[in-house]
Amino acid sequence: DNVFTVLLKHLHDTSSVETQSGCIVMTEYTGDYFIDVVTPNYIDLEVYKLNQKERQTLDSILLYDKSIQLSAKSSVLDKLKPTTENYERIRELVAKDRNTSALETLAKYKKQTDIELIATFFRDDNTQSSALYAAREFPDDFFYPFIIKVFEQEWKQDHYDYPKWRICYQALAKYPRPETIELFGRTTKSKDEFRYETLCKYLLVAITKYPNKLYDPIKTKIKLSSYQMDEVKDELENDY
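Below: a short report on this structure. (Residues numbered from 1 in each chain as written. Predicted model: local features only at pLDDT ≥ 70, side-chain atom pairs only at ≥ 80, totals over all residues. Heavy atoms only, no water.)

Topic: the overall build of the chain
The line we're drawing: For helices the rule is a DSSP run of H or I covering at least 4 residues; for strands it is a run of E covering at least 2, with both sets numbered from the N terminus onward. Type-normalised accessible area, obtained with a 1.4 Å probe on protein chains alone, sets the label of each residue: buried when under 20%, exposed when over 50%, and partly exposed for intermediate values. Between two residues, a contact is recorded if the distance between any of their heavy atoms is within 4.5 Å. In short, Shrake-Rupley with a 1.4 Å probe defines the accessible areas, and a residue's cover is counted only from the protein chains shown. In this tally, Lys and Arg are treated as positive and Asp and Glu as negative; His is ignored, and so are the chain termini. Note on charges: their place is set at NZ of Lys, CZ of Arg, CG of Asp or CD of Glu.
Within the chain, the regular secondary structure consists of 14 helices and two strands. In terms of principal-axis extent, the alpha carbons of the chain reach across some 60 × 45 × 30 Å. Across the 240 residues that make up the chain, the buried fraction comes to 43%. Counting only contacts in the chain whose residues sit at least 6 apart along the sequence, the fraction spanning at least 24 positions is 56%. Carbon together with sulfur atoms contributes 50% to the accessible area of the chain, which is approximately 13700 Å² in total. If you average the places of the 34 positive and of the 40 negative side-chain charges in the chain, the two averages end up 6 Å apart.

Section: the side chain of glutamate 28
Its location among the elements puts glutamate 28 in strand S2 (residues 24–29). Glutamate 28 has contacts with Ser15, Ser16, Val17, Tyr33 and Asp36, leaving out every residue within four places of it along the chain.

Remarks on the nonpolar core
Condition: Nonpolar core, defined: a set of buried Ala, Val, Leu, Ile, Met, Phe, Trp, Tyr and Cys residues in which side-chain atoms within 4.5 Å join the residues together.
In terms of nonpolar packing, the biggest core is built from 55 residues, with Phe143, Ile147, Tyr169 and Phe184 touching the most fellow members. Counting only elements with at least two residues in this core, the list comes to helix H5 (87–97), helix H6 (100–107), helix H7 (115–119), helix H8 (128–137), helix H9 (144–155), helix H10 (162–173), helix H11 (178–188) and helix H12 (193–209). Element by element, the count of residues in this core is highest for H12, at nine residues. Apart from residues lying up to four places away in sequence, isoleucine 147 is in contact with Phe122, Leu132, Ala135, Cys168, Ala171, Leu172 and Tyr175. In this structure, Phe4, Val37, Leu58 and Ile68 belong to the second largest nonpolar core, which totals 13 residues.

Structural notes on the pairing of strand S1 (residues 16–21)
The criterion, for reference: Whether two strands pair comes down to DSSP finding at least two bridges between them.
Taking burial as the measure, the six residues of S1 include zero buried ones, a minor fraction of the element. Here six bridges tie S1 to S2, and the two strands are oriented antiparallel to one another. Bridging across to S2, threonine 19 finds its partner in methionine 26.

A short note on helix H3 (residues 52–64)
So the rule is basically this: Given a helix with a known number of residues, its expected span is that number minus one, times 1.5 Å. Here the arc refers to the directions that run from the helix axis out to each C-beta atom. Here a polar contact means two N or O atoms within 3.5 Å. Within protein one must be a hydrogen donor candidate and the other an acceptor candidate, and residues neighboring in sequence count only if both atoms are side-chain atoms.
Between the first and last C-alpha of H3 there are 18 Å, a value that for 13 residues agrees with the 18 Å anticipated at 1.5 Å per step. Listed in full, the buried residues belonging to H3 are Arg55, Leu58, Asp59, Leu62 and Leu63. Buried positions in H3, seen along its axis, are confined to an arc of 130 degrees and lie on one side of it. The N-cap of H3, judged by a side-chain oxygen 3.1 Å from the amide nitrogen of lysine 53 a few residues on, is asparagine 51.

Given below as structure tokens:
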């Protein structure tokens, strides 16, 4: 009966706890671990589930208490609805804390006054993926040159940042225009087998999620194995 009371006392607990499940060892903040065992998805400890009021209280504390350092804050931001009441706090997290989890939520407001702030995240390699997610949510023309720049930058790399490529194609798909078609066409014409298979998979996911009649000819040029098509299906079903 006192689980919620105990949990609240550990929201500032940044001591570490190590857990092992099979061969997987994880280390996390004790406060995060406490939250993990009361979330609805934690199957093994269903007895500790929070009720709706407790969950709302916890989410509110994580969002507004600036001194809390737990990773659980990101989970709250990921599912936070862009309401009028939350806007100022979300913008503050983006502007002052450079919080990338809050960035996508901020983009959902689609405010012209936030465009330049969101664009600053394209200037750092470490935050470009988050900026691409934001542009996918808020496909304003202002972001398009930045997305093109990320594409060209990654195209020249020998190594592959797979998550960045995935979201880059999805962001581009929100801009059905000749320049986008040219980039998609370059992908389907690649002579490098690995590049073709890897990037065409992400491209197919993108134009399936965000269809446009301009993309129909591109689809016909993508030839993937049954295994790769299963991966495409899995990504679409799980909304990666």
